[in-house]
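# Architecture and fold: a report
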Amino acid sequence: MKLMPYSLGVLPLTLLALLAPTPGHAAPGGGDGAVLAPAARGGHTAAEITRFLRDFYGDHGPSDDGRENQVSQVLKDKQKENTDADVLLCAENEPEGISIGPVTVAQAAGVGWATVTTQWGSETTDTFTAYVRLDSQPIRLDDVICAG
């Protein structure tokens with residue numbers, strides 16, 4: 001198999017092109033801190049993903065019903081393999097608070113994501129990224145990537 005050479009400038013520019021606003025898309029900062037994507041192009045909008053993530057995570061983490069009915073099979077399998085930690089929270093305990101950052105939608109990639117911040121005591125926080133497939137029906141959490 002032959003690999004295609006890429007200059008260091010091409011790959012970041014390609015990634016930026018995927019994330020840049022296109023005609024019909026709002027620039028970052030629209031609405032409640034979300035990058036808006038028109039529903040006419042199909043899939044969930046940033047505003048819908050923001051509402052979903054806020055409802056899903058609540059103040060202290062997902063409910064048992066949310067864990068069963070609003071996550072992908074990939075996440076369910078990850079949780080079965082990782083019994084020492086909660087893969088949906090990237091933690092071992094229940095946080096004191098949770099906030100959802102602005103949602104980014106990449107139509108070309110078919111995914112939206114946001115940084116989730118968990119509060120642990122008065123001065124301790126942690127973050128992870130929550131991903132939602134734009135075509136999931138009903139809307140559900142597709143993956144979680146814990147910060148290093």
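That block above? That's the structure.
Residues numbered from 1 in each chain as written. Predicted model: local features only at pLDDT ≥ 70, side-chain atom pairs only at ≥ 80, totals over all residues. Heavy atoms only, no water.

## Some points on the overall build of the protein chain
Tallying secondary structure elements over the protein chain gives 4 helices and 4 strands in all. Per-residue burial for the protein chain yields a buried fraction of 34% across its 148 residues. Contacts in the protein chain between residues at least 24 apart in sequence constitute 46% of all its contacts with a sequence separation of at least 6. For the protein chain, the accessible area works out to roughly 9,000 Å², and carbon and sulfur atoms hold 55% of it. (Helix = DSSP H or I, 4+ residues; strand = E, 2+ residues; numbered from the N terminus. Buried < 20%, exposed > 50% of the residue type's maximum accessible area, 1.4 Å probe, protein only. Contact = heavy atoms within 4.5 Å. Areas by Shrake-Rupley, 256 points an atom, 1.4 Å probe, with all protein chains shown as cover.)

## Concerning unusual backbone geometry
The omega torsion of the bond from Gln137 to Pro138 falls at -5 degrees, within 30 degrees of zero and hence cis. On the secondary structure map, Pro138 appears in the loop between strand E3 (124-133) and strand E4 (141-146). One non-glycine residue, Cys90, lies in positive phi territory at about 55 degrees. Within the secondary structure, Cys90 sits in the loop between helix H4 (73-81) and strand E1 (97-106).

## A few points about the sheet that holds E3
One open sheet holds the 4 strands; their spatial order is E1-E2-E3-E4, and the pairing between them is antiparallel. In this open sheet, the two strands that pair with only one neighbour each are E1 and E4. Looking at each pair of strands side by side, their axes are set apart by 25 degrees on average, direction ignored. By the bridge criterion, 8 bridges tie E1 to strand E2 (residues 111-120) in an arrangement that is antiparallel. (Pairing = 2+ DSSP bridges. Axes fitted to C-alpha atoms, helices over the stretch in contact; angles between N-to-C directions.)

## Concerning the state of the cysteines
In this structure the tally under the stated criterion is 1 disulfide. Paired through a disulfide, Cys90 and Cys146 show a sulfur-sulfur distance of 2.0 Å. In this structure the cystine formed by Cys90 and Cys146 twists about its S-S bond by roughly -85 degrees; its chirality is therefore left-handed. Remark: Cys146 occurs in strand E4 and Cys90 occurs in the loop between H4 and E1; sequence separation between them is 56 residues. (Disulfide = S-S within 2.5 Å.)

## Focus: helix H2 (residues 46-57)
When the terminal C-alpha atoms of H2 are compared, their 16 Å separation across 12 residues agrees well with the 16 Å that a helix rising 1.5 Å per residue should span. Buried within H2 we find Ala46, Ala47, Ile49, Thr50, Phe52, Leu53, Phe56 and Tyr57. A positive backbone phi angle near 55 degrees is found at Gly58, which sits one or two residues after H2. (Expected span 1.5 Å × (residues − 1).)

## Details of the environment of Leu89
Structurally, the position occupied by Leu89 is in the loop between H4 and E1. Note on Leu89: relative accessible area 3%, which makes it buried. C-alpha separation for the pair Leu89 and Phe128, spaced 39 residues apart in sequence, amounts to 7.8 Å. Beyond its immediate stretch of four places on either side in the chain, Leu89 contacts Tyr57, His60, Gly61, Pro62, Arg67, Pro95, Ile98 and Phe128.

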